[in-house]
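# Observations on the three-dimensional arrangement
Residues per chain are reported as follows:
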Amino acid sequence: MKKLFSFFCFLFCIFILFGVGCSSKIKNAPVTRTGFAFDTVVSITIYDEKKADVLDTCLAICEKYESLFSTTQEGSDIWNINHSNGSAVAVSYDTAQLIQSALLYCDLSNGMLDITLRPLSEAWNISGQMKEASENPDYEYTIPSAQTLSELLTHVNYKNVLITDETGSMVGYNDILSENNRYFATLKDSQSAIDLGFIAKGFIADHLKAYLLSEGIDSGIISLGGNILLIGSKPDGSSYHIGIQKPFAGGNEVITTIQNCDGSVVSSGCYERYFLLDEKNEIIYHHIFDTKTGYPVQNDLLGVTILSDSSLQGDALSTYCYMLGLDEGLAYVRSLDNLEAIFITKDFEVVTSY
């Protein structure tokens, strides 16, 4: 009987061990949902098959934020502000937060970043012209006249964007907002318009991560175009390997790789949305504009990747450091704590801040 009892105990232990092993494998199996929002592919992966339904909520969150922050979707908070003719517009708590963050970075950059650049970017219509060229081989790219740019620049000033609370009090760039209050945004210049493209994806990625953490997800990857936000490490405790795209190369060709855990990796550059007037012309007309000249920024860089804890911060600073150029960008990054950067020069040299 003792031998028989021991045999059954042995079988039971094997069953438990096997069951735990299978459960662990199921839990650690990667599950991905993919969608399209903010003019880019959204991909979210978690390593917990039992909680796959949270990914549907993530895509719903993306849809919610697009309905608030889109410049083209009629009825969005941003669309309403841009069509308000200078009147105050009631906005959601999230929109107020995002505008406040954007204004803070506009101020920190001394206006190099500016959320009122939309009329200028519409005049250039980089993405639209790229689409036209892809559909019509005879299409010829055009650039706005100097007179047009000069006129549009008179309406570029982030200080024309105001946030007030329900009492009419001004909200400062560093004030803490409350979900229990109502907020209003005013664009004082009726010929201006705002666009939060340089920071919105970072804001959304941070909120997606916060939601997933609240649901007990401890391992995963959030990808919103050039924004990668990591949750924890891989299930085995190792770091994620992130490839940094080689400018102007195929989407799968990388120029360098990094290892990272639980951090943000955000890239900006001139190689995603751009055109050349002439193949021999070295001027790259892209979507990052100089707020002093109205023309795309021209310097010694092709791209910048920011490594930080916050995707919102990485979104804003990758654009800002690209605008600063290599030397000033390096100096700026090295002046900050808990932040690193990778710069890619026009000679395809990889320069890091660490």
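Residues numbered from 1 in each chain as written. Predicted model: local features only at pLDDT ≥ 70, side-chain atom pairs only at ≥ 80, totals over all residues. Heavy atoms only, no water.

### Side note on the pairing of strand β6 (residues 219–224)
Worth spelling out the cut-off: Type-normalised accessible area, obtained with a 1.4 Å probe on protein chains alone, sets the label of each residue: buried when under 20%, exposed when over 50%, and partly exposed for intermediate values. Strands here are runs of E lasting at least two residues and helices are runs of H or I lasting at least four, both read from the DSSP assignment and numbered beginning at the N terminus. Note on pairing: two strands pair once DSSP finds at least 2 bridges between them.
Burial of β6 is extensive: 5 of the 6 residues sit out of reach of the surface. Relative to β6, strand β2 (residues 40–46) runs antiparallel, the two sharing 5 bridges. Bridge assignment links Ile44 to a residue of β6, and that residue is Ile222. Summarising the sheet, β6 and strand β7 (residues 227–232) pair through 6 bridges and their orientation is antiparallel. Each residue of the ladder has a partner; that of Leu224, found in β7, is Asn227. The hairpin formed by β6 and β7 contains 2 residues between the paired strands, and Gly225 there has a positive phi angle of roughly 65°.

### Examining helix α2 (residues 53–69)
Going by this rule: Expected span, for any helix, means 1.5 Å times one less than how many residues it has. The criterion used for residue contact is that any of the two residues' heavy atoms lie within 4.5 Å.
Over its 17 residues, α2 runs 25 Å from end to end, which matches the ideal 24 Å to within 8%, given 1.5 Å per residue. Residues of α2 that are buried: Val54, Leu55, Cys58, Leu59, Ile61, Cys62, Tyr65, Leu68 and Phe69. Residues of α2 that are buried sit in contact with β1 (31–37), β2, α3 (77–82), α4 (93–108) and α8 (200–214).

### Observations regarding the side chain of Thr291
The condition is simple: Polar contact criterion, stated in full: a pair of N or O atoms within 3.5 Å, where within protein one must be able to donate a hydrogen and the other to accept it, and residues adjacent in sequence count only if both atoms are side-chain atoms.
If you trace the backbone, Thr291 turns up in the loop between β12 (285–286) and β13 (301–308). Classification of Thr291 by relative accessible area gives buried; the value is 18%. Within the structure, the side chain of Thr291 is placed 2.9 Å from the backbone oxygen of Gly111, a separation counted as a polar contact. Apart from the residues within four sequence positions on either side, Thr291 is in contact with Gly111, Met112, Asp114, Leu117 and Leu153.

### Let's talk about a nonpolar patch on the surface
The test is simple: Each patch groups residues whose relative accessible area exceeds 30% and which form no salt bridge, using 9 Å between like charges and 5 Å between nonpolar side chains of Val, Leu, Ile, Met, Phe, Trp and Tyr. The protein chains shown are the only cover counted for residues, whose accessible areas, like all others here, come from Shrake-Rupley with a 1.4 Å probe. Salt bridges, as used here, are contacts in which a Lys or Arg side-chain nitrogen is within 4 Å of a carboxyl oxygen on Asp or Glu.
A cluster of nonpolar residues, Ile143, Leu277 and Tyr295, forms a patch on the protein surface that exposes about 220 Å² of accessible area. Looking at the element boundaries, Leu277 is found in the loop between β11 (274–275) and β12.

### With respect to the pattern of salt bridges
Within the structure shown, the criterion is met by 6 salt bridges. The closest approach of N and O atoms between Arg33 and Asp56, which form a salt bridge, is 3.1 Å. Separated by 23 residues along the polypeptide, Arg33 in strand β1 and Asp56 in helix α2 bring together distant segments of the chain. A salt bridge links Glu253 to Lys246; the nearest nitrogen and oxygen atoms lie 3.7 Å apart. What you see here is one network of salt bridges that share partners, running through Arg118, Glu122 and Asp195.

### Structural notes on the environment of Asp337
Note that Asp337 resides in the loop between α10 (326–334) and β14 (340–345). The class of Asp337 is exposed, set by a relative accessible area of 67%. Taking the C-alpha atoms as reference points, Asp337 and Ser308, separated by 29 residues in sequence, lie 9.4 Å from one another.

### A closer look at the sheet that holds strand β3 (residues 89–91)
Put simply, the rule is: Lines fitted to C-alpha atoms define the axes here, with helix axes fitted over just the stretch in contact, and angles between the N-to-C directions of these axes take values from 0 to 180 degrees.
Strand order in the open sheet made by the 3 strands is β3-β5-β4, with antiparallel pairing throughout. Since the sheet does not close on itself, it has two edges, and those belong to β3 and β4 (161–165), each with one partner. Taking each pair of neighbouring strands and ignoring which way they run, the sheet shows an average axis angle of 35°. Relative to strand β5 (residues 183–187), β3 is paired through 3 bridges, and the arrangement is antiparallel. Directly across from Val91, in β5, lies its bridge partner Tyr183. Its contacts with the sheet put α4 on β3, β4 and β5, and the angle it makes with β4 is roughly 135°.

### A look at unusual backbone geometry
Even without being a glycine, Asn85 presents a positive backbone phi close to 55°. Residue placement: Asn85 occurs in the loop between α3 and β3. Under the relative-accessibility criterion, Asn85 is labelled exposed at 65%. Positive phi, close to 55°, is recorded for Asn338, a residue that is not glycine.

### Some details on the confidence of the model for the chain
Which entries qualify depends on this criterion: Confidence scores per residue from the predictor, reported as pLDDT, run from 0 to 100.
Per-residue pLDDT for the chain averages 91, and the proportion of residues at 70 or more is 92%. Low pLDDT (under 50) marks residues 1–25, which in the prediction has 1 contact with non-local residues, meaning those over four places away or in another chain.

### Overview of the packing of aromatic side chains
The condition that has to hold: The pairing test for Phe, Tyr and Trp rings, Trp by its six-membered ring, is centres within 6.5 Å, and the orientation test on the planes gives stacked under 30 degrees, edge-to-face over 60, and tilted for anything in between. Criterion for a charge above a ring: Arg CZ or Lys NZ at most 6 Å from the ring centre, at most 35 degrees from the ring normal.
Summed over all chains, the structure comprises 12 aromatic pairs. When the centroid spacing of 5.8 Å and the interplanar angle of 25° are considered together, the rings of Trp124 and Tyr285 count as stacked. Pair noted here: Trp124 is in helix α5 (residues 118–124) and Tyr285 is in strand β12, with a separation of 161 residues, a long-range link. There is no split in this pair, since Trp124 and Tyr285 are both buried. Three or more aromatic residues link up through ring pairs in this structure, and these residues are Trp124, Tyr139, Tyr141, Phe275, Tyr285, Phe289 and Tyr295. For the cation-ring pair, Lys246 lies above Phe348, with the distance from its terminal atom to the ring centre recorded as 5.5 Å.

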